[in-house]
2 protein chains.
Amino acid sequence: MKTDEQFMQSAINKAKEGIKQGQTPFGACIVKDGEIISCLHNLVFENMDITAHAEICAIRETCRRLRTIDLSGCIIYSTCEPCPMCFSACHWARISRIVYGARIEDARQFGFNELEISNEVMKQIASSPVEITVDFLRQESLELFRFWGESGQKAY
Amino acid sequence: MKTDEQFMQSAINKAKEGIKQGQTPFGACIVKDGEIISCLHNLVFENMDITAHAEICAIRETCRRLRTIDLSGCIIYSTCEPCPMCFSACHWARISRIVYGARIEDARQFGFNELEISNEVMKQIASSPVEITVDFLRQESLELFRFWGESGQKAY
């Protein structure tokens, strides 16, 4: 049985692949019953789709692969705290647990135009049942922003 | 020059088309410089994609058609207040104005599993610059839920 660390490392590795291909430094991996169902990096530039955050891409891919819109029992590992769009997509998909590395405030510091509402605040205001594990492999996740910064790309 | 009423009516008509095809009662229309760029209904069931809300579909289509991820200057007309996922997608896309009909609380009353955070609250917490026009053709938009209810479909 793989561990949370291994699943998050898969998301981190996918984000690195994305950076090398000119994408932004975000990766997400969705797991059900100990198996990775999808693992994708941000595809906003590649797909010319502002909604193609890593988490949204992974949720769409998981729906397609599992042939359902109900992802109950799934865990999402994200290298950065899901933005409110992605957090809400997790809610609609009924994802059971969110595990994230860096924080929304970190992404903002690196120039991303984040709506600064943390997952904890979203969960609290809306009484969402999702479990959240914060700051998981935070240093390794933060390193992605530095690696991306060295590539000379711009945030949006 | 078409009016706000006409653009919202296009979104309402599109939602009706969706209901007839077994989709949920939501439509959205994106306009730039007085021209409709995209007008789509919810496609969650059709695409087996939990993220395929009308607004997300319209934003994706607009990015594709205008070949940009920057939708500054665009207005979105939505038959229902965008959920936090869709509101945040509008933010990322830098949509200038949101015009909506029914409210998130209405959708909840009809059984949809909405995160109950209004656009006004999202805007306030995150200091978003988007303009919001509320309760626009509200009665006509509410009528969509009733029309959908008569079709015997279930909310999710």
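Look a little higher up for the structure.
Bear in mind the structure is a predicted one, so any value in this text is a computation, not a measurement.

Asks: Which residues make up the overall build of chain A, and what values go with them?
Replies: A tally of regular secondary structure across chain A gives 7 helices and 5 strands. A compact globule built from 156 residues should have a C-alpha radius of gyration of about 15 Å, and chain A, at 14 Å, falls within 12% of that. Here chain A holds 156 residues, and 56% of them are scored as buried. Here the contacts in chain A between residues at least 6 apart in sequence split such that 61% fall between residues at least 24 apart. Measuring between centres, the 17 positive side-chain charges of chain A sit 4 Å from its 21 negative side-chain charges.

Asks: Which residues make up helix H3 (residues 54-66) of chain A, and what values go with them?
Replies: End to end, H3 of chain A covers 18 Å across 13 residues, agreeing with the expected 18 Å (1.5 Å per residue, within 8%). What H3 of chain A keeps buried is the set Ala 54, Glu 55, Ile 56, Cys 57, Ala 58, Ile 59, Arg 60, Thr 62 and Cys 63 of chain A. Contacts made by the buried residues of H3 of chain A are with strand S1 (27-32), strand S2 (35-41), strand S3 (75-80) and helix H4 (84-93) of chain A together with helix H3 (54-66) of chain B.

Asks: Give a description of the nonpolar core that names residues and reports values.
Replies: Formed by 114 residues in total, the largest nonpolar core has its most connected members in Ile 50, Ile 59 and Ile 95 of chain A together with Ile 50, Ile 59 and Ile 95 of chain B. In terms of residue count, the dominant contributor to this core is H4 of chain A (7 residues).

Asks: Residue-level account of a nonpolar patch on the surface, with values.
Replies: A contiguous nonpolar surface patch, about 250 Å² in accessible area, is contributed by Val 121 and Ile 125 of chain A together with Val 121 and Ile 125 of chain B. Taken together, the elements giving at least two residues each to the nonpolar patch come down to helix H6 (119-126) of chain A together with helix H6 (119-126) of chain B. Position of Ile 125 of chain B among the secondary structure elements: in helix H6. Taking the relative accessible area as the measure of exposure, Ile 125 of chain B reaches 36% and is therefore partly exposed.

Asks: Break down the packing of H4 of chain A against helix H4 (residues 84-92) of chain B for me, with residues and values.
Replies: At a minimum axis separation of 8 Å, H4 of chain A and H4 of chain B run at an interaxial angle of 155 degrees. When the axis of H4 of chain A is compared with that of H4 of chain B, the two are roughly antiparallel. Handedness of the crossing formed by H4 of chain A with H4 of chain B: left-handed. Contacts between H4 of chain A and H4 of chain B involve Pro 84, Met 85, Ser 88, Ala 89 and Trp 92 of chain A from the first element and Pro 84, Met 85, Ser 88, Ala 89 and Trp 92 of chain B from the second. The residue inventory of the contact of H4 of chain A with H4 of chain B, partitioned by class, reads 8 nonpolar, 2 polar and no charged.

Asks: Mind laying out the pattern of salt bridges, listing which residues take part and the relevant values?
Replies: Residue and element names in this part refer to chain A. By the definition in use, this model includes 18 salt bridges over all chains. Ionic pairing is found between Asp 4 and Arg 97, a salt bridge with its closest N-O pair at 2.9 Å. In this pair, Asp 4 sits in helix H1 (residues 4-20) while Arg 97 sits in strand S4 (residues 97-102), placing the two residues 93 residues apart along the sequence. Here Asp 4 falls in the partly exposed class, since its relative accessible area comes to 22%. According to the relative accessible area criterion, Arg 97 is buried, its value standing at 17%. Linked by salt bridges that have partners in common, Arg 103, Glu 105 and Asp 135 make up one network.

Asks: Could you give an account of the interface of chain A and chain B, naming the residues involved and the relevant values?
Replies: Facing 35 residues of chain A, the contacting portion of chain B comprises 35 residues. Carbon and sulfur atoms supply 73% of the area that chain A and chain B bury against each other, a total of about 3,300 Å² over both sides. Taken together, chain A and chain B are joined by 2 salt bridges. Among the salt bridges present, the one from Arg 60 of chain B reaches Asp 49 of chain A, with a minimum N-O distance of 2.7 Å.

Asks: Give me the lowdown on the sheet that holds S2 of chain A, citing residues and values where you can.
Replies: Residues and elements named next belong to chain A. Here we have 5 strands laid out as an open sheet, ordered S2-S1-S3-S4-S5, and mixed in their pairing. For this open sheet the edge positions go to S2 and strand S5 (131-133), each flanked by a neighbour on one side alone. Across the sheet, the mean angle separating the axes of adjacent strands is 15 degrees when strand polarity is ignored. As paired elements, S4 and S5 share 3 bridges and run parallel to each other.

Asks: How would you explain the packing of aromatic side chains if you had to name every residue and give the values?
Replies: All names here are of chain A. Applying the stated rule across the entire model yields 18 aromatic pairs over all chains. Centre to centre, the rings of Phe 45 and Tyr 156 are 5.3 Å apart; their planes meet at 75 degrees, and the pair counts as edge-to-face. One end of the pair, Phe 45, is in helix H2 (residues 44-47); the other, Tyr 156, is in the segment after helix H7 (138-150), with 111 residues separating them in the sequence. Since its relative accessible area comes to 34%, Phe 45 is described here as partly exposed. Judged by relative accessible area, which is 11%, Tyr 156 ranks as buried.

Asks: Now, about the side chain of His 53 of chain B: what can you tell me, with residues and values included?
Replies: Here His 53 of chain B is to be found in the loop between helix H2 (44-47) and H3. If sequence neighbours within four positions are ignored, His 53 of chain B has contacts with Trp 92 of chain A together with Asn 42, Val 44, Cys 83, Met 85, Cys 86 and Tyr 156 of chain B.

The rules behind each value
- Residues numbered from 1 in each chain as written.
- Chains lettered and ligands numbered in written order.
- Predicted model: local features only at pLDDT ≥ 70, side-chain atom pairs only at ≥ 80, totals over all residues.
- Heavy atoms only, no water.
- Helix = DSSP H or I, 4+ residues; strand = E, 2+ residues; numbered from the N terminus.
- Rg over C-alpha atoms; globule rule 2.2 N^0.38 Å.
- Buried < 20%, exposed > 50% of the residue type's maximum accessible area, 1.4 Å probe, protein only.
- Contact = heavy atoms within 4.5 Å.
- Lys, Arg positive; Asp, Glu negative; His and termini not counted.
- Charge placed at Lys NZ, Arg CZ, Asp CG, Glu CD.
- Expected span 1.5 Å × (residues − 1).
- Core = buried A, V, L, I, M, F, W, Y, C linked by side-chain atoms within 4.5 Å.
- Patch = residues over 30% accessible without salt bridge, like charges linked within 9 Å, V, L, I, M, F, W, Y side chains within 5 Å.
- Areas by Shrake-Rupley, 256 points an atom, 1.4 Å probe, with all protein chains shown as cover.
- Salt bridge = Lys/Arg side-chain N within 4 Å of Asp/Glu carboxyl O.
- Axes fitted to C-alpha atoms, helices over the stretch in contact; angles between N-to-C directions.
- Parallel < 35°, antiparallel > 145°, perpendicular 65-115°, else oblique.
- Left-handed = near helix turned anticlockwise from the far one by under 90°.
- Nonpolar A, V, L, I, M, F, W, Y, C, P; charged D, E, K, R; others polar.
- Buried area = accessible area lost by both parts, 1.4 Å probe.
- Pairing = 2+ DSSP bridges.
- Phe/Tyr/Trp six-rings, centres within 6.5 Å; stacked < 30°, edge-to-face > 60°.

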